[in-house]
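Survey of secondary and tertiary structure
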Amino acid sequence: MYDIVIENGRLITGTGNPWFYGDVALAGEEIAQVGRLADAEAARRIDAAGCYVSPGFIDGHSHSDLFIFVDPKAEQKVMQGVTTENVGMDGMSVAPIEEKDVANWRTHLSGLAGNPSIDWKWRSFADYLDAIDQLRTSDNISSYVGLGTIRLKVMGMTDRDANAQEIEAMRSLAVEAMQEGARGVSSGLIYPPSQYQTLEEVVAICEMVRNYDGVYDVHLRSEGDGLIAGMEEVIEIGRRSGIPIVVTHHKAMGRRNWGRSEETLRMVDDARREGIDVTLEQYPYTAASTMLHAVIPPWYHAQGPHKLVDDLKNDREKIKKDIRDRTDWENWASNNGWENIVVSSVGSEKNKQYEGKNVSEIAAMRGQADPADAAMDLLAEEDLNVGMVIFCMDEADVTRIMTHQTVSIITDGLLGGKPHPRVYGSFPRVLGHYVREKGVLGLEEAVRKMTSAPAQKLRLKSKGLLASGMDADITVFRAATVIDRATYDDPRQFSPGIEWVVVNGQVVVEDGRHTGVRPGRTVRSR
Ligand SMILES: [Zn+2]
């Protein structure tokens, strides 16, 4: 007697193999049988006729670190078929952290992770995972430990090089987090303080992390004018440390760099031929999204968020000049234009009117001649709690990257305000728009990029495949109707066609509606 049998569906195993007709039997939290199971007895039968049945989707890049405490039902994720999401991205996990650093780190991350009024009671990495387990979530959560977070703990926000002792301390902290369940380490080489790390510093830490089967997940030092050098740097990190490299949200940013994905994909192929394990991740859109304070050069962040806010008010002309003149950093405003930077979220009520407006429009609304002033006023007024969406990519690069064998699909979803639609629509958009409407990928290949490919990268050994003994995380979707409804203007839209979602053997989405159950848990590496 099984708990659930999902019958009459077309099964896509996650391997990339073609679909076949069959049933899937679940017992407790595991997949018990896959095949023709007409006689099987079950407490519950789910009719998947006309649907595809696949392993639950895995979102390798999530910014739900804090919002999961506000919405443990994780609706944005499970309603698009995601059963496991991975946080601690871009060098910025919320643990381990010391009490004295909490206030500043909250402020620093607020434009990305939000600043919900929750108690940061955790200190160690394990404490944080325990807090999520106590919360009880609808999907499963895994996490990297951020190299920026580790550096903050050892050195604060300073932008100087680390000495030997400090590198040793960071290596120990990384190992500790790995032993407590991290899937690997993440870097955001445009985000302070992760950005202040040299290649040598990262290599020294990654050499240790590799020994614990961890990976190095990285937001490149540049995805625009410095894209090729950025790729060379992380490939070199892989060459020297032996760690697997996951290049996250791969893109070619800024009009003059469009088309350069041809070169970067060649670099990945060459590196792999050489024996360096480099893979890619992608969200399926031509706009990026991050915190607005990334438009301020990194050297203004080195004394912490309060000094930065102070400089935004009192030393503004110098900052404006650096944004205009200096090209030795990921200069969002000058590379893409203020008119292509849209404010997606603000912390306070009084500035909500600016959500969904680009910075040039906001300047006009405020009667300011220079959009830079509008951006800086907003950052100062909001104590940095501002998110942005940046229109910066070419569709030809997006589709070219998507077809690369190593690419897996992510949301990279920010959750506040009027967010980038990717947080609601990434997975259905690939299945509906890129597979069905445009034929960029085959269906089974797309599902592989959402299941076994991310599971392999994250070392989620019991996830990502429809096979007996694997975790009972299942997504049932209708290939004829699945599509993203979330748009830039109206992003908070669930996607039709995601019919059933099962997490750890329990039904979380039933006939396209969230059931409210919360069977998720943290997935720890040991
Ligand atoms: Zn991210």
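Notes on the structure follow. These numbers were taken from a predicted model, which means no experiment stands behind them. (Residues numbered from 1 in each chain as written. Predicted model: local features only at pLDDT ≥ 70, side-chain atom pairs only at ≥ 80, totals over all residues. Heavy atoms only, no water.)

**A few points about the overall build of the protein chain**
What counts, and what does not: Strands are runs of DSSP state E lasting at least 2 residues, helices are runs of H or I lasting at least 4, and numbering of each runs from the N terminus. As a reference, a globule follows 2.2 Å times the number of residues to the power 0.38, and the radius of gyration itself is taken over C-alpha atoms. For each residue, the accessible area found with a 1.4 Å probe, counting protein chains only, is set against the maximum for its type, and the residue is called buried under 20%, exposed over 50%, and partly exposed in between.
Counting its regular elements, the protein chain contains 18 helices and 21 strands. Expected size for 526 residues packed as a compact globule is a radius of gyration near 24 Å; at 22 Å, the protein chain falls within 12% of this value. Dimensions of the protein chain along its principal axes, counting C-alpha atoms only, are 75 × 50 × 45 Å. Taking all 526 residues of the protein chain together, the buried fraction comes to 65%.

**A few points about the pairing of strand β20 (residues 506-510)**
Keep this limit in mind: If DSSP finds at least two bridges between two strands, the strands pair.
When strand β19 (residues 498-503) meets β20, the two strands line up antiparallel, connected through three bridges. Within β20, the residue paired with V503 across the bridge is Q506. Relative to strand β21 (residues 513-514), β20 is paired through two bridges, and the arrangement is antiparallel. Bridged to E510 within β21 is R513.

**Focus on helix α10 (residues 305-314)**
Where we set the bar: This arc corresponds to the set of directions leading from the helix axis out to the C-beta atoms. The contact criterion used throughout is that any non-hydrogen atoms of two residues lie within 4.5 Å.
For α10, the full list of buried residues reads P305, L308, V309, D311 and L312. The buried residues of α10 occupy an angular sector of 160° when projected down its axis, which confines them to one face. Set apart from the buried face of α10 by more than 90 degrees, the exposed residues are K313 and N314. On its buried face, α10 is in contact with α3 (99-113), α11 (316-325) and α14 (371-381).

**Regarding the coordination of the zinc ion**
Rule in force here: The rule for donors is simple: an N, O or S atom within 2.8 Å of the metal counts, and for Na, K and Ca the reach is 3.2 Å. Water is not among the atoms, so a site may look short of donors. Four donors are marked tetrahedral only if all angles between them lie between 85 and 135 degrees, whereas four are marked square planar and six octahedral if opposite donors are more than 155 degrees apart and the other angles lie between 65 and 115; the remainder are marked irregular.
Listed as protein donors to the zinc ion are H61 (NE2), H63 (NE2), D90 (OD) and D412 (OD); their distances from the metal cover 2.0 to 2.2 Å. Every donor counted, the four donor atoms about the zinc ion form angles of 82 to 174° at the centre, which fits irregular coordination. Of note, the zinc ion draws all its donor residues from one chain, in the sequence arrangement H-x1-H-x26-D-x321-D. In this structure, H61 and H63 share a single accessibility class: buried.

**Considerations on the sheet that holds strand β10 (residues 184-188)**
Reading across from one edge, β9-β10-β11-β12-β13-β17 is the order of the six strands in this open sheet, with parallel pairing throughout. Where the open sheet ends on each side, the last strands, each with one partner, are β9 (145-146) and β17 (407-409). As defined by bridge partners, strand β11 (residues 215-219) adjoins strand β12 (residues 245-247) across three bridges and the pair is classed as parallel. Each residue of the ladder has a partner; that of D217, found in β12, is V246.

**Some details on the layout of surface pockets**
Any empty space left between atoms is shown by rolling a water-sized probe over those atoms. So the rule is basically this: Residues are said to line a cavity or pocket when one of their atoms sits within 4 Å of a point; the points come from a 1 Å grid over protein atoms alone, cavities being sets where a 1.4 Å probe fits but cannot get out and pockets being open sets with protein on both sides within 12 Å along at least five of seven lines. Grid points are joined across faces, edges and corners, and a volume is the space filled by probe spheres set on the points. Nonpolar residues are Ala, Val, Leu, Ile, Met, Phe, Trp, Tyr, Cys and Pro. Charged residues are Asp, Glu, Lys and Arg, and all others, Gly as well, are polar.
Each pocket or cavity is described by its volume, and for the largest pocket that value is around 260 Å³. Considering the residues around the largest pocket, the lining is formed by 15 residues, among which R272, T279, A453, Q456 and K457 are closest to the centre. No other element matches the four residues that helix α18 (residues 452-457) contributes to the lining of the largest pocket. The residue makeup of the lining of the largest pocket, split by class, is five nonpolar, five polar and five charged. Here the second largest pocket defines a volume of roughly 230 Å³. The wall of the second largest pocket is formed by 15 residues, among which R221, T327, D328, W329 and E330 lie closest to the centre.

**Focus on unusual backbone geometry**
At the junction of A95 and P96, the peptide bond is cis and its omega measures out at 0° in the coordinates. Within the secondary structure, P96 sits in the loop between β7 (82-87) and α3. In the segment running from P192 into P193, the intervening peptide bond is cis, with an omega of -5°. Examined against the element boundaries, P193 turns out to sit in the loop between β10 and α7 (199-210). With a phi close to 70°, N8 is a non-glycine residue in the positive phi region.

**Quick look at empty space enclosed by the protein**
With the rule as written, the count across this model stands at four cavities of 30 Å³ or more. Of the pockets and cavities examined, the largest cavity occupies roughly 80 Å³. In this structure, the largest cavity is lined by I190, P192, Q195, H293, A294, I296, P298, H301, W329, E330 and W332. In terms of residue class, the lining of the largest cavity is built from seven nonpolar, three polar and one charged. Taken as a whole, the second largest cavity spans an internal volume of roughly 50 Å³.

**Thoughts on helix α5 (residues 147-155)**
Most of α5 is tucked away: seven of the nine residues are buried. Taken as a whole, α5 has its buried residues at L147, G148, T149, I150, R151, L152 and M155. Positioned one or two residues after α5, G156 has a phi angle of 70°, which is positive.

**A word on the sheet that holds strand β6 (residues 57-59)**
Note the threshold: Each axis is a line fitted through C-alpha atoms, and for a helix only the stretch in contact is used; angles between axes span 0 to 180 degrees, taken between their N-to-C directions.
Taken in spatial order, the three strands make up an open sheet running β6-β7-β8, and their pairing is parallel. In this open sheet, the two edge strands, each paired with only one partner strand, are β6 and β8 (140-143). Taken over all neighbouring pairs, the strand axes of this sheet differ in orientation by 20° on average, direction set aside. Strand direction decides the pairing type here: β6 and β7, joined by three bridges, are parallel. From the neighbouring strand, I58 faces β7, where its bridge partner is T84.

**Description of the nonpolar core**
What counts here: The criterion is simple. A nonpolar core is a set of buried Ala, Val, Leu, Ile, Met, Phe, Trp, Tyr and Cys residues joined through side-chain atoms within 4.5 Å.
Ranked by internal contacts, the top residues of the largest apolar core, which has 139 residues, are W120, W122, Y216, I296, W332, I341 and F477. Leave out the neighbours within four places in its chain, and W122 touches L66, F69, V94, A95, I97, D127, Y128 and A131. I4, I46, I474 and V507 belong to the second-largest nonpolar core, a separate cluster that totals 18 residues.

**Here's the deal with the side chain of H63**
Selection criterion: A 3.5 Å cut-off defines polar contacts: any pair of N or O atoms within that distance qualifies, except that in protein one atom must be a possible hydrogen donor and the other a possible acceptor, and neighbouring residues in sequence count only when both atoms are side-chain atoms.
Relative to the elements of secondary structure, H63 occurs in the loop between β6 and α1 (67-70). Note on H63: relative accessible area 3%, which makes it buried. Within the local environment of H63, its side chain forms a polar contact with the side chain of D412, the two groups lying 2.8 Å apart. Ignoring anything within four residues of it in the chain, the contact list for H63 reads M89, D90, L112, A113, D412, G413, L414 and L415.

**Remarks on the environment of L173**
Following the sequence through the fold, L173 ends up in helix α6 (residues 164-179). The class for L173 is buried, based on a relative accessible area of 12%. With 201 residues separating them in the primary sequence, L173 and A374 have C-alpha atoms 40 Å apart.

Read these as geometric descriptors, not functional statements.
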